[in-house]
Amino acid sequence: MSRSATPLQKSLVDVDSEFCKGCSLCVVSCPQRNLKLSESFNRLGFHPAEFHYHGEKGDCTACGICYWVCPDFAIAEVRRVRR
Amino acid sequence: MTVVQGAPAAEYEVKLGRLSTLTGRPTHYCAGCEHGILTRLVANAIEELGLRERTVLVDSVGCSVFAHDYINTDAVQAPHGRAPAVMSGIKRVRPDLMVFAVQGDGDAVSIGLLELLYAANRAEPITIFLVNNAIYGMTGGQMAPTTPEGMVTTTTPQGRDVAETGRPLDATKLLAGLDGPSYVKRVVLPIAPMGSTDLYSARGPLEGAKSVLNAFKVQMRGGFSFVEFVSTCSINWKMSVLESKRFATETLAKLFPPGLYKDKLGVEKG
């Protein structure tokens, strides 16, 4: 999976790419545009969503909107750095 | 699970995570279907109330029929439309259990309207979630009682003619008119396009999470709760996923206006 996390990342969205059906609901509802559809396929033949910490509009804030809109439980976990 | 390079998992706290009330199986729903969202909301509410061991799910017939595959509680399969009757029976024998059903509009409003109406009128302490996508989804897109005027379906190729088939049936208003139900609410569940931007608002799912939790709380206080979720069926509406979200939140939401129709016990205020 193409994810390069560094210790500077404050939050993390764990996408289970085998569950994803590529409906793109998380992509269009992410306020910071941190999610994109991948160019590769998963086992079911869909383009799964992919998490990028540095989005089009800013860094991920772990708001959890992608978690609530995902119909396929593919957004499995939203984590943020322990303070 | 993917391993994050450079950042050990111990440094992260899980804000929203996997639920013990979900079985962890992939769903059979089409891409972008609100059934999946509702499954997550229900699982989350049961987990939050800590009632997984004392909850019984009654399966209805329709796309919701495999809900027991995803929600990790006990389940009973009811005949088509008879979920409220089966739930009444379970609840009367075992009042300590929490009973709920996820029904579609073809199941609850068409064939099962009588059971729904009388269970509501008897004020049985049960919870019903109605997924209203204005069409028969599983059987291939036939006209449902909730289909809006002029909508093209397999059985109404010229568009629904209300002179012949009557106006779309509004189950929420129907139940709110009865004395029995304690909690009647309608939520527009799909994500909604926000003005001219290409961003979509997640107000529907977040509002839905609150409503599901309140519906269960009403049942625990001994009232009948009913929440209708206006949803989409992109496959049978012959639209793309995002077109169907726009249609549901702009056109269907006018026909089925969201809102709190009845709250006898005042759970919404807290």
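Since this is a predicted model, take the numbers as computed values, not measurements.

### Describing the sheet that holds strand β5 (residues 127-132) of chain B
Residue and element names in this part refer to chain B.
No. 1: An order of β3-β2-β4-β5-β9-β6-β10 is seen for the 7 strands of this open sheet, with the pairing classed as mixed. Sheet topology places β3 (74-77) and β10 (259-263) at the edges, where each strand pairs with a single neighbour. Between one strand axis and the next, the sheet turns by 15° as a mean value, whatever way the strands run.
No. 2: Note that strand β4 (residues 98-104) and β5 share 5 bridges and pair parallel. Bridging from a neighbouring strand, Gly104 pairs with Val131 of β5.
No. 3: In the packing of helix α8 (residues 203-220) onto the sheet, contacts are made with β4, β5, β6 (183-188) and β9 (225-230), and the angle to β6 comes to roughly 165°.

### Considerations on the pattern of salt bridges
All names here are of chain B.
No. 1: Applying the stated criterion across every chain yields a total of 21 salt bridges over all chains.
No. 2: The partner of Arg25 in a salt bridge is Asp69, with the nearest N and O atoms 3.4 Å apart. One end of the pair, Arg25, is in the loop between β1 (12-16) and α1 (34-49); the other, Asp69, is in helix α2 (residues 67-70), and 44 residues separate them in sequence.
No. 3: Using a relative accessible area of 45% as the deciding quantity, one classes Arg25 as partly exposed.
No. 4: Measuring nitrogen to oxygen at the nearest pair gives 3.0 Å for the salt bridge that ties Glu149 to Arg167. Of this pair, Glu149 sits in the loop between β5 and α6 (162-165) while Arg167 is found in the loop between α6 and α7 (171-176), placing the two residues 18 residues apart along the sequence.
No. 5: Using a relative accessible area of 49% as the deciding quantity, one classes Glu149 as partly exposed.

### Thoughts on the packing of aromatic side chains
Residue and element names in this part refer to chain B.
No. 1: Scanning all chains against the criterion turns up 7 aromatic pairs over all chains.
No. 2: A ring pair is formed by Phe129 and Phe216, whose centres lie 5.6 Å apart and whose planes are at 90°; its orientation type is edge-to-face. Of the two residues, Phe129 sits in strand β5 while Phe216 sits in helix α8, which places them 87 residues apart along the sequence.
No. 3: For the pair Trp237 and Phe247, a centre-to-centre distance of 5.1 Å together with 75° between the ring planes defines the contact as edge-to-face.

### Describing the side chain of Asp69 of chain B
No. 1: According to the relative accessible area criterion, Asp69 of chain B is buried, its value standing at 19%.
No. 2: Apart from residues lying up to four places away in sequence, Asp69 of chain B is in contact with Thr23 and Arg25 of chain B.

### Describing the confidence of the model for chain B
Residues and elements named next belong to chain B.
No. 1: Averaged over all residues, the pLDDT of chain B equals 92, while 96% of them reach at least 70.
No. 2: Looking across chain B, the model is least confident in β1, with a mean pLDDT of 88, and most confident in β9, with 97.
No. 3: Note on the complex model: pTM 0.92, ipTM 0.88.

### Quick word on the side chain of Thr232 of chain B
Residues and elements named next belong to chain B.
No. 1: Examined against the element boundaries, Thr232 turns out to sit in the loop between β9 and α9 (241-255).
No. 2: In terms of polar contacts, Thr232 uses its side chain to reach the side chain of Glu34, at 2.6 Å.
No. 3: A polar contact of 3.2 Å, which involves the side chain of Thr232, links it to the side chain of Lys245.
No. 4: Setting aside anything within four residues of it in sequence, one finds Thr232 in contact with Gly32, Glu34, Asn133, Pro190, Trp237, Ser244, Lys245 and Ala248.

### A word on the packing of α1 of chain B against α8 of chain B
The description of two helices packed together rests on the angle between their axes and the distance between the axes.
All names here are of chain B.
No. 1: The geometry of α1 relative to α8 is characterised by a closest axis approach of 9 Å and an angle of 50° between their N-to-C directions. One finds that α1 runs oblique with respect to α8. Viewed along their axes, α1 and α8 form a crossing whose handedness is right-handed. For the pair α1 and α8, contact is made by Ile37, Leu38, Leu41, Val42, Ala45, Ile46, Glu48 and Leu49 and by Pro205, Gly208, Ala209, Val212, Leu213, Phe216 and Met220, respectively.
No. 2: Of the residues assigned to the contact of α1 with α8, the class counts are 13 nonpolar, 1 polar and 1 charged.

### Overview of the interface of chain B and chain A
No. 1: Residue-level contacts link 46 residues of chain B with 40 residues of chain A.
No. 2: The contact between chain B and chain A buries some 3800 Å² in all, and 60% of this surface belongs to carbon and sulfur atoms.
No. 3: Here chain B and chain A share 3 salt bridges between them.
No. 4: Salt-bridge contacts for Arg33 of chain A lead to Asp198 of chain B; the nearest nitrogen and oxygen are separated by 3.2 Å.
No. 5: On inspection of chain B and its partner chain A, the count reaches 15 residue pairs in polar contact (both at pLDDT 80 or more).
No. 6: In terms of residue class, the side of chain B that touches chain A is made up of 27 nonpolar, 11 polar and 8 charged.
No. 7: Bridging between strand β4 (residues 75-81) of chain A and β1 of chain B involves 4 bridges; their strand directions are antiparallel. Residue pairing in the sheet places Val81 of chain A in a bridge with Tyr12 of chain B of β1 of chain B.

Rules and cut-offs
Residues numbered from 1 in each chain as written. Chains lettered and ligands numbered in written order. Predicted model: local features only at pLDDT ≥ 70, side-chain atom pairs only at ≥ 80, totals over all residues. Heavy atoms only, no water. Pairing = 2+ DSSP bridges. Helix = DSSP H or I, 4+ residues; strand = E, 2+ residues; numbered from the N terminus. Axes fitted to C-alpha atoms, helices over the stretch in contact; angles between N-to-C directions. Contact = heavy atoms within 4.5 Å. Salt bridge = Lys/Arg side-chain N within 4 Å of Asp/Glu carboxyl O. Buried < 20%, exposed > 50% of the residue type's maximum accessible area, 1.4 Å probe, protein only. Phe/Tyr/Trp six-rings, centres within 6.5 Å; stacked < 30°, edge-to-face > 60°. pLDDT = per-residue confidence, 0-100. Polar contact = N/O pair within 3.5 Å; in protein donor to acceptor, adjacent residues only side chain to side chain. Parallel < 35°, antiparallel > 145°, perpendicular 65-115°, else oblique. Left-handed = near helix turned anticlockwise from the far one by under 90°. Nonpolar A, V, L, I, M, F, W, Y, C, P; charged D, E, K, R; others polar. Buried area = accessible area lost by both parts, 1.4 Å probe.

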